[in-house]
Amino acid sequence: MAASSDGPDRPLPAELARLLHDLRGPLNSAVMHLEVLKRTVAGDPAADESLRTVLDQMARLSDMLPAALGVAALEPQPPRTHDVKTLVELARAARGYASVTLGAGAWPRVAGDEALLVRAIGELIANAVEATPSGAPPPEVTATSGADGQVSLAVRDHGTGLRTTNPKLLIRLLHSSKPGHRGLGLVTVERVARLHGGTLSFESLGDGTRVTVRLPAAP
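In this text the structure is predicted, and so the values were computed from the model without any measurement.

Among the nonpolar cores identified, the biggest contains 38 residues, and V84, V88, W107, V141, L153 and F202 are the most heavily contacted of them. Looking at which element gives the most residues to this core, the answer is helix α4 (residues 114-131), with 8 residues. Excluding its chain neighbours within four sequence positions, the residues that come into contact with L153 are V84, V88, W107, I121, V141, T142, A143, V211, T212 and V213.

To continue, consider the sheet that holds strand β4 (residues 140-145). The strand order β2-β4-β5-β7-β6 describes an open sheet built from 5 strands, whose pairing is mixed. Each edge of the open sheet carries a strand with a single partner, namely β2 (101-102) and β6 (199-205). As defined by bridge partners, strand β5 (residues 150-157) adjoins strand β7 (residues 208-216) across 8 bridges and the pair is classed as antiparallel. Directly across from S152, in β7, lies its bridge partner R214.

Right, let's talk about the side chain of H196 for a bit. Turning to its location among the elements, H196 is positioned in the loop between α6 (185-195) and β6. A distance of 2.8 Å separates a polar side-chain atom of H196 from the backbone oxygen of V192. Those residues in contact with H196 that lie beyond four places of it in its chain are P76, A111, G112, D113, L116, L117, L215 and P216.

We now examine the confidence of the model for the protein chain. Averaged over all residues, the pLDDT of the protein chain is 86; the fraction at 70 or higher stands at 89%. Residue range residues 2-8 is modelled with pLDDT below 50. Its contacts to residues more than four positions away, or to other chains, number 36 contacts.

A word on the pattern of salt bridges. Taken as a whole and assessed by the stated rule, the structure comprises 8 salt bridges. Here R194 ties to E190 by a salt bridge, and the two come within 3.4 Å at their closest N and O atoms. Here E190 and R194 lie together in helix α6, a separation of 4 residues that amounts to about one turn. E190 sits in the partly exposed class, given a relative accessible area of 24%. Linked by salt bridges that have partners in common, D48, E49 and R52 make up one network.

Right, let's talk about the packing of helix α3 (residues 84-95) against α4 for a bit. Two numbers describe a pair of packed helices, the interaxial angle and the distance between the axes. Direction vectors running N to C along α3 and α4 enclose 60°, while the axes themselves pass 8 Å from each other. It follows that α3 is oblique to α4 by the angle criterion. Crossing handedness for the pair α3 and α4: right-handed. Counted together, L87, V88, L90, A91, R92 and R95 of α3 and E114, L117, V118, R119, I121, G122, E123, I125 and A126 of α4 form the full contact between these two elements. Of the residues belonging to the contact of α3 with α4, the class tally is 9 nonpolar, 1 polar and 5 charged.

About the thresholds
- Residues numbered from 1 in each chain as written.
- Predicted model: local features only at pLDDT ≥ 70, side-chain atom pairs only at ≥ 80, totals over all residues.
- Heavy atoms only, no water.
- Core = buried A, V, L, I, M, F, W, Y, C linked by side-chain atoms within 4.5 Å.
- Buried < 20%, exposed > 50% of the residue type's maximum accessible area, 1.4 Å probe, protein only.
- Helix = DSSP H or I, 4+ residues; strand = E, 2+ residues; numbered from the N terminus.
- Contact = heavy atoms within 4.5 Å.
- Pairing = 2+ DSSP bridges.
- Polar contact = N/O pair within 3.5 Å; in protein donor to acceptor, adjacent residues only side chain to side chain.
- pLDDT = per-residue confidence, 0-100.
- Salt bridge = Lys/Arg side-chain N within 4 Å of Asp/Glu carboxyl O.
- Axes fitted to C-alpha atoms, helices over the stretch in contact; angles between N-to-C directions.
- Parallel < 35°, antiparallel > 145°, perpendicular 65-115°, else oblique.
- Left-handed = near helix turned anticlockwise from the far one by under 90°.
- Nonpolar A, V, L, I, M, F, W, Y, C, P; charged D, E, K, R; others polar.

As C-alpha cells, this is what we get:
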C-alpha cells in the first residue's frame, strides 16, 4: 500500500491562519538573506552545496507549516452514531472507487464525526486502490467488533506490500514516494483516529497490505 494519499484541504481557522502568516514572515526573511549569501560563496563548491541544501530545507519547511497546521486544525463535531458500512460506502462513492469490495454480514456501529471518519476512510481506500496493480483483486474493506469494545476497520489491498510497518516511518508529514502527492493521507488518518480515541496500525501480508483503524464501538 502506498504510504500516503491526499484529500481536499480545509481552510484554516482564522487564528491558525494568522499564526501561519506570522511564522512565514521570519521564514521568508531568512530565505531572502540566504539567497544573498549564496552569491557571496560563488566558486566554493562545498559552501554552495550547503547553502543550496539549507534553501531546499527552508522551502520544505514553508510547505510543512500550512500542512501541519491544517492537520492540527481538524476537530470533530459532537459525535453521532454511524453504521460503519454506511461510512465506507460514502467514502467509496466520494472517491469514485466502485470496484472496492465491502465485507458481507452485519457491520458494527461507531460514534463520531461523519465528515472526518469518511475522510479518513477515503484516504485509506485511495491508498489501497493506488497500490493495486492491474489484474489484481480489488481492495477489500471489512469491519468487526471485538470483545474489548473496539471496532476494527480494515482496508486490505493486493499490492506489493510495505517495506516497513513502523508507524513512525510511515506516518510522516509531507513524506510520499508518489510524485504529485503531499504526504498528508496517513497523517490525516492518524489524527482522525486519535480524535475519536482510536489507533492506526499496519500489516504487510504475503500479497499486499492491511491497514486497520481501531475505534471505540458505539455504546
